[in-house]
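# Coordinates in review
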Amino acid sequence: MIVQVVQTKGTLLLNDNRESLAKAAAIIKRGGLVAFPTETVYGLGAAATNAKAITSIFAAKGRPADNPLIVHLSDRNQLNLVAREVPDEAKFLADKFWPGPLSLVLQRSEYIPAEVSAGLPTVAVRMPDHPVALALINLAGVPVAAPSANKSGRPSPTSYRHVLEDLTGKIDAVIKSSTCKIGIESTVLDLSGHSPLILRPGGLPREDLEKALGRSIGVAGDKKNSLQPASPGMKYRHYTPRAPLILVTGRESVKHQVLNRLALYHHRKGFAVGLLNTSMQQHLKKNSDPEKFAAKLYSYLRRMDAAGVDIIFAEEVSFSGIGLAVMNRLKKAAARVLRV
Ligand code: AMP
Ligand code: MG
């Protein structure tokens, strides 16, 4: 097979065949940065053991230095390398949910440089459920640290095109592959403290974790857990589209009406209006499938940017299943939350 290479401002666009992945792995081995697909979002990968490469991830993204990265594995046994100790609960959850959208926060071993975790004594680790990601990590021969492959503050990338929009000229290569089937980042579960705590809701629903562990699990930032700090990344207002997003929450019947009226009012005033509920409603009605909406959320936001809308109105969705992660992202994207 042929290694197809397209160069744009110094960033290679690689195929996802074996030969191209070997090339991508070689870039990682020599300390470079490669964007690759996972089932959640595209990641920006570097060798997790190379502090200099890790520092260049932060520079390429413009990521705040205190926001730690997730380490990606291709083999369950690598867990013993990156974590100082692996509690039984972590072993159990890794066996049950990996490969998959669950990142476990454990005590960091000395194998992983402090830069990966922004100086924290812990490390977040997961095994992605995507054949291209797994092959790449395997060929690189080291765990791969990877945040989402977007410019910091922009909606996460769920296609290689989104990566090119944000990072062309700033990274060594992008692997051109399929879009990400979950489309929302992993659930980050802290197992380094007394009891498990969700630091960031994500692709693996809280209910699935609760069922597996046979007890309820808190979410950092909830009223009950408000004294617990959320994951460092959660304090930033990110996932933002360029236009201000107004999130309408509250009673079902009123919410929908208010949203439509607001949209109409702004439209009549001459604003280009983006409505996140229209596609949402269609999706939910047509497919009764909140997962499909979640998978499209970031690309909807990017599309509205590209269309140059002036203002976006979005409607609250149910907090169950993937909805908890969707609402978390919508709240972070929102310039204002309207309760009706
Ligand atoms: P991203 O790489 O953009 O998907 O973001 C990774 C998320 O995982 C951020 O919210 C980080 O704050 C969180 N995270 C990564 N490592 C740790 C850690 N050691 N402790 C707590 N949160 C972490
Ligand atoms: Mg991110």
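Up top is the structure these notes are about.
For the structure given in this document, a descriptive report is provided here.

Calculation criteria
- Residues numbered from 1 in each chain as written.
- Chains lettered and ligands numbered in written order.
- Predicted model: local features only at pLDDT ≥ 70, side-chain atom pairs only at ≥ 80, totals over all residues.
- Heavy atoms only, no water.
- Helix = DSSP H or I, 4+ residues; strand = E, 2+ residues; numbered from the N terminus.
- Polar contact = N/O pair within 3.5 Å; in protein donor to acceptor, adjacent residues only side chain to side chain.
- Contact = heavy atoms within 4.5 Å.
- Buried < 20%, exposed > 50% of the residue type's maximum accessible area, 1.4 Å probe, protein only.
- Pairing = 2+ DSSP bridges.
- Phe/Tyr/Trp six-rings, centres within 6.5 Å; stacked < 30°, edge-to-face > 60°.
- Lys NZ or Arg CZ within 6 Å of the ring centre and 35° of its normal.
- Expected span 1.5 Å × (residues − 1).
- Axes fitted to C-alpha atoms, helices over the stretch in contact; angles between N-to-C directions.
- Parallel < 35°, antiparallel > 145°, perpendicular 65-115°, else oblique.
- Left-handed = near helix turned anticlockwise from the far one by under 90°.
- Nonpolar A, V, L, I, M, F, W, Y, C, P; charged D, E, K, R; others polar.

### Focus on the side chain of Thr38
With respect to the element layout, Thr38 can be found in the loop between strand S3 (34-36) and strand S4 (43-47). At a separation of 2.9 Å, a polar atom in the side chain of Thr38 contacts the side chain of Thr40. Not counting the four nearest positions on each side in its chain, Thr38 is found in contact with Arg126, Pro128, His130, Ala133 and Cys180.

### Points about the pairing of S4
In terms of burial, S4 is largely enclosed, as five of its five residues are buried. Here S3 pairs with S4 via three bridges, running antiparallel. Residue Val34 lies in a different strand from S4, and its bridge partner there is Gly45. Between the end of S3 and the start of S4, which pair antiparallel, lie six residues. As judged from the two bridges shared by S4 and strand S8 (residues 144-145), these two strands associate in the antiparallel manner. Across the sheet, residue Ala46 finds its bridge partner in S8, namely Ala145.

### Concerning the packing of aromatic side chains
Under the criterion given, the structure shown has one aromatic pair. With a centroid separation of 5.8 Å and an interplanar angle of 35 degrees, the aromatic rings of Phe293 and Tyr300 are classed as tilted. For Phe293, a relative accessible area of 2% puts it in the buried group. In this structure, Lys96 packs its charged tip against the face of Phe97, placed 5.9 Å from the ring centre.

### Regarding helix H1 (residues 18-29)
The first and last C-alpha atoms of H1 sit 16 Å apart over twelve residues, in line with the 16 Å expected at 1.5 Å per residue. The inward-facing, buried residues of H1 contact strand S2 (11-14), S3, S4, helix H5 (131-140), S8 and strand S9 (173-175). Positive backbone phi, approximately 95 degrees, marks Gly31, located one or two places after H1.

### Observations regarding the packing of H1 against H5
Axis separation between H1 and H5 bottoms out at 8 Å; the angle between their running directions is 50 degrees. In terms of orientation, H1 lies oblique with respect to H5. Here the hand of the crossing between H1 and H5 comes out right-handed. In this structure, H1 uses Arg18, Leu21, Ala22, Ala24, Ala25, Ile28 and Lys29 to contact H5, whose residues at the interface are Val132, Ala135, Leu136, Leu139 and Ala140. Per-class residue counts for the contact of H1 with H5 are ten nonpolar, no polar and two charged.

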